[in-house]
Amino acid sequence: MTTRRAFLAGSLATPLILRMEPAFATPEEMQNAIDAFTGGAEVTEGRVELDIPMLVENGNTVPLRVAVDSPMTDDDYVEAVAIFNEINPLPDTVRFFFTPLSGRAEAQTRIRLNGTQHVHAVARLSDGSFWSAQTNVVVTAPACREV
Amino acid sequence: MAGQVERAEGGAAPRLRPPRDICRKARWSGAVVAAVLAGAAGAQDGRVSTYEQMAPELRAMQDDDFSNPGLLWAQTGEELWAEPSGADEVACAECHGAAEEMAGVAAHYPDWDEESGQAVDLAARINLCRQRHQGAEPLERGSEALLALTTLVALQSRGQPIAPSEAPQMEAVRGQGEALYSTRMGQLNLACATCHDDLAGGRLLAAEIPQAHPTGYPQYRLEWQEMGDLDRRLRNCMVGVRAEPFAAGSQEFVALEAYLKARAVGMEMEAPAIRP
Amino acid sequence: MAVMINVPETAAPGEVVEVKIIISHPMETGFRTGSDGKLVPRNIIHELTCRYMGQEVFRAELHPAVAANPFFSFFVTAQESGEVELSWVDEAGETVTETRPIEVG
């Protein structure tokens, strides 16, 4: 376990601007990452609900919710959902792994988006099929930024 | 050093920040500001917290304690509150009891400190306790530990109305704050009042200009990805108009906060707030 | 490391309950330059696992695009009284495990 002291020391040492400056992923790289996840299998659009605000005031912390339509029984459930982005430095964003005991193939987190782009969610089901959804997110900048 | 304020009436040439434009496109250009000045809707009648202008997701983030990252700082604050500290090896809790005893305290800061004969904000008040009552060194302004304790104390006033100090000396401090608030500053030669009174509700770049009520400090700004105090927020605004910001914890910032709190009298405290 | 975890204290058998967790962590991307002009070394929490009744129920694999002070919400089917265990590990090798009781009945 971290002690509180270690936590404080670590945080104090952290300068204040946390922003991803380089933007070097491309939509092609994202497609490669998706192919690596699916093993090249066909991906059908549908069954996946990807909830991200269409317009966000700050790309540093963007709420994301994903849910897949599934009974979540022992022989029919969602194994994984992977989130991909087009233009952050790395196309992989976050992956969720579910089990029948999850009861619901749904999760939320907060992500960083290095500018306006499409975000993709790809779900792998226990029958080996892949399903997806995508959404475009417009990221605006706050006016008084930290320098 | 104290910030360089350019008075509208003229005077010595202002010292300007070097143009360190490291944000991609975020500095305000004169043209952007002119556009805002021309197109703004003007000040609103009623006072509203910036909370009301935020997207529903951000309001939800603030409203749920298991989702609001500011509560992480409060939790660290709880640990510090109970931990004996300084040469006297005494914890805040030993004198003050549970943190809940601090209910309503943050709502009347900044307040007057008789002993030093000056106005202090909540963070400075906590540091006075460290020095006078714990025999400890003051915590650095803006440090994780000071923010954690300040957040914990401020949290105890959540939902309570802002109730500015009635200490008679605070009148003059608020007067100084009001003067600073309406003084043009920086290369863009704008006063706080230009944006937050005259142009509130209008837009600057993509951001809606808020009325600048200090209801939610310390706050978790998504831009910072951590908690910060009002000083830091005001430094962001001053850098925005390319003025040399006042020093953290300076009397100028205390005066500005005292004025902003008076301007927001009766509004609900909401620290730790979320802001973009 | 400050953390907040919300697991309902009680649930009916078979009820699908929401678990929420938020952890203080800078999630250093490795792409950011510090005040000294040098790149700040990457250090992110890269895995978060939830176990219940001796089984993995949910797991997340995190990349630098997960925001600082990571927040997660997900679901668990309540079956028997016991503990919901959450553990996570960052790239500096820091592993943390926390448990919360749940009463099912």
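Remember, predicted model here, so these are calculated numbers, not experimental data.

1. Focus: the overall build of chain A
(1) Moving on: Helix and strand counts for chain A stand at 2 helices and 9 strands.
(2) Moving on: Secondary structure of chain A in N-to-C order comes out as α-α-β-β-β-β-β-β-β-β-β.
(3) Moving on: Across the 147 residues that make up chain A, the buried fraction comes to 57%.

2. Concerning the UniProt feature "domain: Sulphur oxidation protein SoxZ" (unreviewed entry) in chain C
(1) Moving on: In the numbering adopted here, UniProt assigns the feature "domain: Sulphur oxidation protein SoxZ" (unreviewed entry) to residues 8–99 of chain C.
(2) Moving on: In residues 8–99 of chain C, the share of helix is 0% and the share of strand is 51%. The end C-alpha atoms are 12 Å apart.

3. Here's the deal with the sheet that holds strand β6 (residues 226–228) of chain B
Residue and element names in this part refer to chain B.
(1) Moving on: On the basis of which strands lie adjacent, the open sheet formed by 3 strands has the order β6-β5-β7 and mixed pairing. Unpaired on one side and paired on the other, β6 and β7 (273–275) mark the two borders of the sheet. For this sheet the average axis-to-axis angle between neighbouring strands, irrespective of direction, equals 35°.
(2) Moving on: Of the pairings in the sheet, the one linking strand β5 (residues 219–221) to β7 comprises 3 bridges and is parallel in character. In the sheet register, Tyr-220 faces β7, and the bridge partner there is Ile-274.

4. Thoughts on the interface of chain A and chain C
(1) Moving on: With 39 residues of chain A at the contact, the number on the chain C side is 43 residues.
(2) Moving on: Overall, the association of chain A and chain C removes approximately 3,300 Å² of surface from exposure, summing both partners, and the carbon and sulfur fraction of that is 58%.
(3) Moving on: When residues of chain A are sorted by the area they lose upon contact with chain C, Phe97(A), Leu101(A) and Arg112(A) head the list and together hold 22% of the total.
(4) Moving on: Two residues, Arg95(A) and Glu61(C), come together in a salt bridge whose shortest N-O distance is 3.9 Å.
(5) Moving on: Taken together, chain A and chain C are joined by 15 residue pairs in polar contact (both at pLDDT 80 or more).
(6) Moving on: A per-element tally of the side of chain A that touches chain C places strand β6 (residues 92–98) of chain A first, with 7 residues.
(7) Moving on: In the side of chain A that touches chain C, the residues fall into 18 nonpolar, 13 polar and 8 charged.
(8) Moving on: Here β6(A) pairs with strand β5 (residues 55–62) of chain C via 5 bridges, running antiparallel. Note on β5(C): the bridge partner recorded for Arg95(A) is Glu61(C).

5. Description of the pairing of strand β9 (residues 130–139) of chain A
Residue and element names in this part refer to chain A.
(1) Moving on: Counting buried residues along β9, 7 of its 10 residues qualify, which places the element largely inside the surrounding structure.
(2) Moving on: Pairing of strand β1 (residues 43–45) with β9 involves 3 bridges; the strand directions are parallel. In the strand pairing of β9, Val-43 is matched with Phe-130.
(3) Moving on: One ladder, built from 2 bridges, connects strand β3 (residues 55–56) with β9; its direction is parallel. Bridge pairing links Val-56 to Val-139 in β9.
(4) Moving on: Sheet topology places strand β8 (residues 117–125) next to β9; 8 bridges connect them, and they run antiparallel.

6. Let's talk about the side chain of Ser67(B)
(1) Moving on: The topology assignment puts Ser67(B) in the loop between α2 (56–63) and α3 (70–82).
(2) Moving on: Residue classification places Ser67(B) among the buried positions, given a relative accessible area of 6%.
(3) Moving on: Among all residues touching Ser67(B), those that are not within four sequence positions of it are Arg110(A), Ala60(B), Met61(B), Ile22(C) and Phe71(C).

7. Thoughts on unusual backbone geometry
Residue and element names in this part refer to chain B.
(1) Moving on: For the bond from Tyr-217 to Pro-218, the omega torsion is -5°, close enough to zero to count as cis.
(2) Moving on: In this structure, Pro-218 sits in the loop between β4 (207–208) and β5.
(3) Moving on: Residue Pro-272 is bonded to the preceding Ala-271 through a cis peptide linkage, with omega at 0°.
(4) Moving on: Note that Pro-272 resides in the loop between α10 (251–263) and β7.
(5) Moving on: In this structure, Arg-242 is a non-glycine residue whose phi angle is positive, near 60°.
(6) Moving on: For Arg-242, the location among the structural elements is in the loop between α9 (230–240) and α10.
(7) Moving on: By relative accessible area, which is 22% here, Arg-242 ends up partly exposed.

8. A look at the state of the cysteines
(1) Moving on: In this structure the tally under the stated criterion is 0 disulfides over all chains.
(2) Moving on: The cysteine Cys92(B) is free of any disulfide, with Cys129(B) supplying the nearest cysteine sulfur at 7.5 Å.

9. Description of the environment of Ser129(A)
All names here are of chain A.
(1) Moving on: Considering the arrangement of structural elements, one finds Ser-129 in the loop between β8 and β9.
(2) Moving on: A C-alpha to C-alpha distance of 12 Å links Ser-129 and Ser-70, two positions 59 residues apart in sequence.
(3) Moving on: Polar contacts involving the side chain of Ser-129 include one to the side chain of Asp-127, which spans 2.7 Å.

About the criteria used
- Residues numbered from 1 in each chain as written.
- Chains lettered and ligands numbered in written order.
- Predicted model: local features only at pLDDT ≥ 70, side-chain atom pairs only at ≥ 80, totals over all residues.
- Heavy atoms only, no water.
- Helix = DSSP H or I, 4+ residues; strand = E, 2+ residues; numbered from the N terminus.
- Buried < 20%, exposed > 50% of the residue type's maximum accessible area, 1.4 Å probe, protein only.
- UniProt positions renumbered as here; feature names shortened; annotations may be inferred.
- Pairing = 2+ DSSP bridges.
- Axes fitted to C-alpha atoms, helices over the stretch in contact; angles between N-to-C directions.
- Contact = heavy atoms within 4.5 Å.
- Buried area = accessible area lost by both parts, 1.4 Å probe.
- Salt bridge = Lys/Arg side-chain N within 4 Å of Asp/Glu carboxyl O.
- Polar contact = N/O pair within 3.5 Å; in protein donor to acceptor, adjacent residues only side chain to side chain.
- Nonpolar A, V, L, I, M, F, W, Y, C, P; charged D, E, K, R; others polar.
- Disulfide = S-S within 2.5 Å.

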